[in-house]
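Residues per chain, in single letters:
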Amino acid sequence: MQGMVDDGSVGWVFNIQRYSVHDGPGIRTTVFLKGCPLRCLWCSNPESQRPEPQIVFWPDRCIGCDACRAACPRSTIAIDEAGYRRVLAERCDGCGQCVETCYAEAVEQVGRSMTVEEVLAAVEADHPFYDQSGGGMTLSGGEPLAQPEFSLRLLRGAQQRGIHTVLETCGHAPWDVWQSLLPHVDLILYDVKDIDPDRHRHNTGVSNELILDNLERLSSAGVSLIVRRPVIPGYNDDVESIHALARFAGGLGTVHEIDLLPYHRFGRDKYKRLGRNYAMGDATSLQEEDVIGLRDILASYGFRVKIGG
């Protein structure tokens, strides 16, 4: 990317969330990195998918001055039939000129470049909480492995500071990337969206062959990991899909816990702000009681099962 150092000392970050309790053990700081090879229809962080910064528009903050439209060299901000401004995502190159001229802060750039030391300084600020709770740093996204050198430096730097490390991943990366990171990861939270290859490709945009192959390799290497399954109504919440997951994970021999992550609609409004359509439409969020039957199926295979992270 233009202006970026490619040795891993600088990367693209879109959020650093402190006091996180759902992204691994204890109290954690979760670092969200931009870029992801998957395009899950239900993605709750669509701003994470593209590796470069993106523009989001907050209609409720807009005062209609149109300074942003005048500043934009690509005519990215349009006015719809109802008179609301919106971002034309397909035109936007993330230059940020609209952000600089917006008086009302209705236009925001998501994603900023940070050095490894800047990120680790933010993470290390809560070191006492990690010590007390058994927490640490979690890399998430997006997909951290989409920025492999940056992720490697962050994980290694955290461990050098005595901070427990967790990698939250979809698993879609070459094995040589995994090999470089593994010595610096204490726990992997590994998403398995679906075992069925055709449905996986349809719902995420990519094959699950590499994902499942990497999971088998990690298991064979004795890596500490937890399998996580987003449960999406009408997509992968059928009983046979859960049985297939249990059979696959059971065959690995080293997976003892599976976490079920019920679908929620928290990301819906983000699509509108990004000028994108939300593929899930009016699908209803799932509650814990909606997935108890699926939990019981997994438990019948001998797995520890948690609902939520």
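Coordinates for the structure precede this section.
Let me sum up the structure you'll find in this document. The structure displayed is predicted, hence computed values, not measured ones.

Points about the overall build of the protein
Move 1: Of the regular secondary structure elements, the protein holds eleven helices and 13 strands.
Move 2: For the protein, the C-alpha radius of gyration of 20 Å lies close to 19 Å, the compact-globule estimate for 309 residues.
Move 3: Based on the C-alpha atoms only, the size of the protein along its principal axes is roughly 60 × 45 × 35 Å.
Move 4: Residues counted as buried form 50% of the 309 residues belonging to the protein.
Move 5: Within the protein, contacts between residues at least 6 apart in sequence are counted, and of these 68% link residues at least 24 apart.
Move 6: Total accessible area computed for the protein in this model is approximately 14200 Å², and 48% of it derives from carbon and sulfur atoms.
Move 7: Here the protein contributes 31 positively and 42 negatively charged side chains, and the mean placements of these two sets differ by 3 Å.

A closer look at the pairing of strand S10 (residues 187-191)
Move 1: Of all five residues in S10, five are buried; the element is thus mostly enclosed.
Move 2: Burial along S10 is two-sided: the residues Leu 187, Leu 189 and Asp 191 and Ile 188 and Tyr 190 are all buried.
Move 3: Examined bridge by bridge, strand S9 (residues 164-169) and S10 share four bridges and lie parallel to one another. Bridge pairing in S10 places Val 166 opposite Leu 187.
Move 4: On the question of chirality, the crossover connecting S9 to the parallel S10 by way of helix H6 (residues 175-181) is right-handed.
Move 5: Here four bridges tie S10 to strand S11 (residues 225-231), and the two strands are oriented parallel to one another. Paired with Leu 189 across the two strands is Ile 226, which belongs to S11.

Focus on the pattern of salt bridges
Move 1: Inspection of the entire model under this criterion finds 17 salt bridges.
Move 2: Across the salt bridge formed by Asp 66 and Arg 85, the nearest N and O atoms sit 2.9 Å from each other. Here Arg 85 lies in strand S5 (residues 85-87) and Asp 66 lies in the loop between strand S3 (54-57) and helix H1 (67-71), a separation of 19 residues in the sequence.
Move 3: Relative accessible area serves as the criterion here: at 24%, Asp 66 is assigned to the partly exposed category.

Observations regarding the environment of Asp 60
Move 1: Residue placement: Asp 60 occurs in the loop between S3 and H1.
Move 2: The spatial distance from the C-alpha of Asp 60 to the C-alpha of Ala 106 is 7.7 Å, given a sequence separation of 46 residues.

Focus: the sheet that holds strand S13 (residues 304-307)
Move 1: Pairing in this open sheet of nine strands is mixed, and the strands run S7-S1-S2-S8-S9-S10-S11-S12-S13 from one edge to the other. Each edge of the open sheet is held by one strand with a lone partner, namely strand S7 (112-115) and S13. With direction set aside, neighbouring strand axes in the sheet form an average angle of 30°.
Move 2: Direction of pairing for strand S8 (residues 136-140) relative to S9: parallel, over a ladder of four bridges.

Here's the deal with helix H3 (residues 116-124)
Move 1: Within the span of H3, buried status applies to Val 116, Val 119, Leu 120 and Val 123. One side of H3 holds all its buried residues, which, seen down the axis, span an arc of 95°.
Move 2: Its buried side turned inward, H3 meets strand S1 (10-20), strand S2 (28-33), S7, helix H4 (127-133), S8 and helix H5 (148-160).

So, the side chain of Arg 229
Move 1: Structurally, the position occupied by Arg 229 is in strand S11.
Move 2: The side chain of Arg 229 is buried and forms no salt bridge, while Asp 194, the nearest opposite charge, is found at 4.1 Å.
Move 3: There is a polar contact of 2.5 Å between the side chain of Arg 229 and the side chain of Ser 241.
Move 4: Other than its neighbours up to four places away in sequence, Arg 229 contacts Val 192, Lys 193, Asp 194, Asn 236, Ser 241, Ile 242, Leu 245, Asp 259, Leu 260 and Leu 261.

How each quantity is defined
Residues numbered from 1 in each chain as written. Predicted model: local features only at pLDDT ≥ 70, side-chain atom pairs only at ≥ 80, totals over all residues. Heavy atoms only, no water. Helix = DSSP H or I, 4+ residues; strand = E, 2+ residues; numbered from the N terminus. Rg over C-alpha atoms; globule rule 2.2 N^0.38 Å. Buried < 20%, exposed > 50% of the residue type's maximum accessible area, 1.4 Å probe, protein only. Contact = heavy atoms within 4.5 Å. Areas by Shrake-Rupley, 256 points an atom, 1.4 Å probe, with all protein chains shown as cover. Lys, Arg positive; Asp, Glu negative; His and termini not counted. Charge placed at Lys NZ, Arg CZ, Asp CG, Glu CD. Pairing = 2+ DSSP bridges. Right-handed = clockwise from strand over helix to strand, strands pointing away. Salt bridge = Lys/Arg side-chain N within 4 Å of Asp/Glu carboxyl O. Axes fitted to C-alpha atoms, helices over the stretch in contact; angles between N-to-C directions. Arc of directions from axis to C-beta. Polar contact = N/O pair within 3.5 Å; in protein donor to acceptor, adjacent residues only side chain to side chain.

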